[in-house]
Amino acid sequence: MTDETYSGLLLQKGLIDGEWTGAASGRTVDVHDPATQAVIGAVPDMGWAETRAAIEAASRAFGSWKRKSHAERAGLLETWHRLILENLEDLARILTLEQGKPLDESRGEIRYGASFVKWFAEEARRIGGHTIPAPTADRRILVLKEAIGVCGVITPWNFPSALVTRKVAPALAAGCTVVVKPSEFTPYSAIALCALAERAGVPAGVINVVTGMPAEIGEELMRNETVRKISFTGSTRVGSLLMRGAADNVKRLSLELGGNAPFIVFDDADLDAAVEGAIASKFRNGGQTCVCANRILVQAGVHDAFARKLAARVDAMTVGDGRQAGVAIGPMINEAAVAKINRHLDDALAKGAAILTKPRSLPAGPQYVAPVVLGGATTAMELASEETFGPVAPLFRFEKEEEAVAIANGTPFGLAAYFYTESLKRAWRVGETLEFGMVGLNTGAISMEIAPFGGVKQSGLGREGGREGVEEYLEAKTFHMAGLG
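Residues numbered from 1 in each chain as written. Predicted model: local features only at pLDDT ≥ 70, side-chain atom pairs only at ≥ 80, totals over all residues. Heavy atoms only, no water.

A. Main features of the nonpolar core. The biggest cluster of nonpolar side chains holds 69 residues, and the ones touching the most others in it are Trp80, Ile84, Val168, Leu172, Val178 and Ile207. Of the residues forming this core, the biggest block, ten residues, is contributed by helix H4 (residues 103-124). Apart from the residues lying within four places of it in its own chain, the contact partners of Val178 are Ala58, Cys151, Val153, Val168, Ala171, Leu172, Val206, Ile207 and Asn208. With 67 residues, the next largest nonpolar core counts Val373, Leu374, Phe396 and Val405 among its residues. (Core = buried A, V, L, I, M, F, W, Y, C linked by side-chain atoms within 4.5 Å. Buried < 20%, exposed > 50% of the residue type's maximum accessible area, 1.4 Å probe, protein only. Helix = DSSP H or I, 4+ residues; strand = E, 2+ residues; numbered from the N terminus. Contact = heavy atoms within 4.5 Å.)

Next comes the structure, spelled out in structure tokens:
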């Protein structure tokens, strides 16, 4: 593919101090199209030296960037937002090319990602401190909100556009500078967005992008004392490693890690609404989301009816190349993901589960899997305790509310949970008992720019989005003034 095909946005270099550059070693990492396994292109395989140079560039840019007025930073973010929407089609095509999700979903992700840039442009103008009544008449106490400093931003492959904007926009709004490490599977979306930020007038060094394999880049971000904060979305295993590394320099952390979301359907639920919610939650991005329904718990009185309705909807889904019209499920990100899905399926079937959806033929290629609904799921199955990260919807039958809540909470993860009921009393009772950072009542969609996003327990630390999102990049400085009487 040529860069011109995508309005100059399919760039194959990193960005350090305003310069588009390769790796000093000359090494590159190939990027593949999940639909065809063809090589799209390559990006620099950067390491310690390039990461250190990016950190130093961000440090040099920090002083002037944090001194800009809130309105100036807001204005640049608003220009970035406008350019993202003006280039929506090219950005969506790049996203589908490297990630595989259907093109309509990619367009939705670009709009969703842009909404964070707009929101935090507005939040930039609302950053402020407060005063505290002093104990004596000759004193004043002010609380000032100041930017943390240089931030490392590490983003995953499943939402390679939205998670860049969800992290970078609040950092910039607060007055921080950033070094972005996108996933080696999907680097082009992040690079394109940062190129648009450059076109918007964001100064050199404020946003830097280092590409390549994660080991050296991650180690430098963690051990370099200039980096004051790391924001990471990914696995709990890697999040734990980052926490250990952050301890040496006492870095601030925002971690959005693994999930094991329950989706509970009670007897009094609106079944049609519950089915649509399950489709939205479970099958978006082919089930490759951290907040997707991993365990669907259905009360005995409506279990069979819900299973029939859900299976019929899933049978109607088309699997194929995300660039083709009407495709609902694209390819998985890689063959390792397919192997995990198949392992979970084989384990469930060996332990008594049954496939409720019809057999189907799949497109040629090793990264396609069929979306399925499984009946007879139990907590003894691997998919009950591990994220499948694929289009497999296991149905667990339960009798009583207490049983469902116990199963839902019986996980070390606590990112997202969903439940459907028409009872106001049950809504409050269950909503307050579920041990998750986000709970959806009668909805399968809980991600939006105006509300905080994040988990509890082993699902992470901190929040993204909402007014809480910008606070993650700010420090409170208490200014005590005496001798004023």
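Having seen it, we continue.
B. The arrangement of the layout of surface pockets in detail. Computed from the structure, the largest pocket encloses a volume of approximately 1,200 Å³. Within the residue set of the lining of the largest pocket, elements represented by two or more residues are helix H7 (214-223), strand S10 (227-233), helix H8 (236-249) and helix H11 (335-350). By residue class, the composition of the lining of the largest pocket is 20 nonpolar, 15 polar and eight charged. Considering the residues around the second largest pocket, the lining is formed by 22 residues, among which Glu105, Ile279, Ala280, Ser281 and Arg284 are closest to the centre. For the lining of the second largest pocket, the elements supplying multiple residues, two or more each, are H4 and helix H9 (271-283). Residue composition of the lining of the second largest pocket, by class: twelve nonpolar, five polar and five charged. (1 Å grid on protein atoms, 1.4 Å probe; cavity = no way out; pocket = protein on both sides within 12 Å on 5 of 7 lines; lining within 4 Å. Points joined across faces, edges and corners; volume = space filled by probe spheres on them. Nonpolar A, V, L, I, M, F, W, Y, C, P; charged D, E, K, R; others polar.)

C. Here's a closer look at the sheet that holds strand S13 (residues 293-299). Judged by pairing direction, the sheet is mixed, and its seven strands sit side by side in the order S14-S15-S16-S13-S12-S18-S19 without closing on themselves. Among the strands making up the open sheet, the edge pair consists of strand S14 (354-355) and strand S19 (438-441). Judged from the four bridges that link them, S13 and strand S16 (residues 392-398) form a sheet pairing that is parallel. Considered in S16, the bridge of Gln299 is made with Phe398. (Pairing = 2+ DSSP bridges.)

D. How the structure looks around helix H14 (residues 424-433). Of all the residues in H14, the buried ones are Arg426, Ala427 and Val430. The arc enclosing the buried residues of H14, seen along the axis, measures out at 105 degrees, which places them on a common side. Away from its buried face, by an angle of more than 90 degrees, H14 presents the exposed residues Leu424, Lys425, Trp428 and Glu432. The backbone nitrogen of Lys425 has a side-chain oxygen 3.4 Å away, supplied by the residue at the start of H14, namely Ser423. (Arc of directions from axis to C-beta. Polar contact = N/O pair within 3.5 Å; in protein donor to acceptor, adjacent residues only side chain to side chain.)

E. Structural view of the pairing of strand S6 (residues 140-147). Sheet topology note: the strand S5 (residues 130-132)/S6 ladder contains three bridges and is antiparallel. Note that in S6 the partner of Ile132 across the bridge is Ile141. As judged from the eight bridges shared by S6 and strand S22 (residues 474-481), these two strands associate in the antiparallel manner. Each bridged residue has a counterpart across the sheet, and for Arg140 the counterpart in S22 is Met481.

F. Quick look at helix H10 (residues 300-315). The terminal C-alpha atoms of H10 lie 23 Å apart, and with 16 residues this matches the ideal 22 Å at 1.5 Å per residue to within 8%. Most pronounced at Phe306, the bend in H10 amounts to some 25 degrees. Among all positions of H10, only Val302, His303, Phe306, Ala307, Leu310, Ala311 and Val314 are buried. At its buried positions, H10 is contacted by strand S12 (261-265), H9, S13, strand S15 (372-375) and S16. (Expected span 1.5 Å × (residues − 1). Bend = angle between axes of the 7 residues up to and from the residue.)

G. Inspection of the packing of H4 against helix H5 (residues 162-174) at higher detail. The contact between H4 and H5 brings their axes to 8 Å, and the two run at 10 degrees. Considering the angle they form, H4 stands roughly parallel to H5. Two secondary-structure elements touch here, H4 through Glu109, Tyr112, Gly113, Phe116, Val117, Phe120 and Ala124 and H5 through Ala162, Thr165, Arg166, Ala169, Pro170 and Ala173. When its residues are assigned to classes, the contact of H4 with H5 shows nine nonpolar, two polar and two charged. (Axes fitted to C-alpha atoms, helices over the stretch in contact; angles between N-to-C directions. Parallel < 35°, antiparallel > 145°, perpendicular 65-115°, else oblique.)

H. A look at the packing of aromatic side chains. Under the definition given, this model contains six aromatic pairs. Plain terms: the ring middles of Trp157 and Phe389 are 5.8 Å apart, the flat faces sit at 85 degrees to each other, and that makes the pair edge-to-face. Taken together, the residues span a long stretch of sequence, with Trp157 in the loop between strand S7 (150-154) and H5 and Phe389 in the loop between helix H12 (382-385) and S16 at a distance of 232 residues. Across this residue pair, the class does not change: Trp157 and Phe389 are buried. Over the ring of Phe453 we find Arg166; its NZ or CZ atom is 4.0 Å from the centre of that ring. Its guanidinium or amino end placed over the ring of Phe266, Arg426 lies 4.2 Å from that ring's centre, counting from NZ or CZ. (Phe/Tyr/Trp six-rings, centres within 6.5 Å; stacked < 30°, edge-to-face > 60°. Lys NZ or Arg CZ within 6 Å of the ring centre and 35° of its normal.)

I. Highlighting the pattern of salt bridges. By the definition in use, this model includes 32 salt bridges. For Glu464, the salt bridge goes to Arg166, with nearest N and O atoms at 2.8 Å. Residue Glu464 is found in the loop between strand S21 (460-461) and helix H15 (466-471), and its partner Arg166 is found in helix H5; the two are separated by 298 residues along the sequence. The class for Arg166 is buried, based on a relative accessible area of 4%. Two residues, Arg429 and Glu401, come together in a salt bridge whose shortest N-O distance is 2.8 Å. Within this pair, whereas Arg429 is found in helix H14, its partner Glu401 is found in helix H13 (residues 401-409), the two being separated by 28 residues in sequence. (Salt bridge = Lys/Arg side-chain N within 4 Å of Asp/Glu carboxyl O.)

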